[in-house]
Amino acid sequence: MPALRLGLLICALGLTQAASAERAPAPPPYGAAEASADTLRYSVRAGETLIVALPGRVAGADVSYEVIQAPALSWLVDRSFMWRTLARERGTLPVRLRRIGGGRAAEEVVLLVEITG
């Protein structure tokens, strides 16, 4: 298991469950000019709501996030990402975010969300 474990809270209209997230190895760069994405993995049961608290500081600097690509019924407010999954959804779906701050170039963050039955 990776040394870094992140906590995750799954809430669905009054129902709460604990889940876990693991930092996955970053994929290789697609080209010399592109930086590799920071990839985080999460799991949620179909029909439940995924809530992720993204880090507010990276390498000692404050950061913020913007949505690049996200599914319907999902929101990003400050550092909180929420996705209300549908009961019929299954599989692993990516959510692409841009992390900005700390005087560094914007970086892509990918949340790989596995939706189980």
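Analysis parameters
Residues numbered from 1 in each chain as written. Predicted model: local features only at pLDDT ≥ 70, side-chain atom pairs only at ≥ 80, totals over all residues. Heavy atoms only, no water. Buried < 20%, exposed > 50% of the residue type's maximum accessible area, 1.4 Å probe, protein only. Helix = DSSP H or I, 4+ residues; strand = E, 2+ residues; numbered from the N terminus. Pairing = 2+ DSSP bridges. Salt bridge = Lys/Arg side-chain N within 4 Å of Asp/Glu carboxyl O.

Quick look at the pairing of strand E8 (residues 80-84)
Across a regular strand the side chains alternate sides, sitting on one face of the sheet and then on the other.
Here's step 1: With burial as the criterion, only one face of E8 is covered, namely that bearing Phe81 and Trp83; the residues Ser80, Met82 and Arg84 on the opposite face remain uncovered.
Here's step 2: Pairing between strand E7 (residues 74-77) and E8: four bridges, direction antiparallel. Within E8, the residue paired with Val77 across the bridge is Ser80.
Here's step 3: Here E7 folds back onto E8 in antiparallel fashion, the turn holding two residues, of which Asp78 has a positive phi close to 55°.

Examining the pattern of salt bridges
Here's step 1: Tallied over the full model, the rule gives six salt bridges.
Here's step 2: Between Arg98 and Glu66 there is a salt bridge, with the nearest N and O atoms lying 3.1 Å from each other. Linking Arg98 in strand E9 (residues 91-101) with Glu66 in strand E6 (residues 61-69), this pair joins segments that are 32 residues apart in sequence.
Here's step 3: What makes Arg98 partly exposed here is its relative accessible area of 32%.

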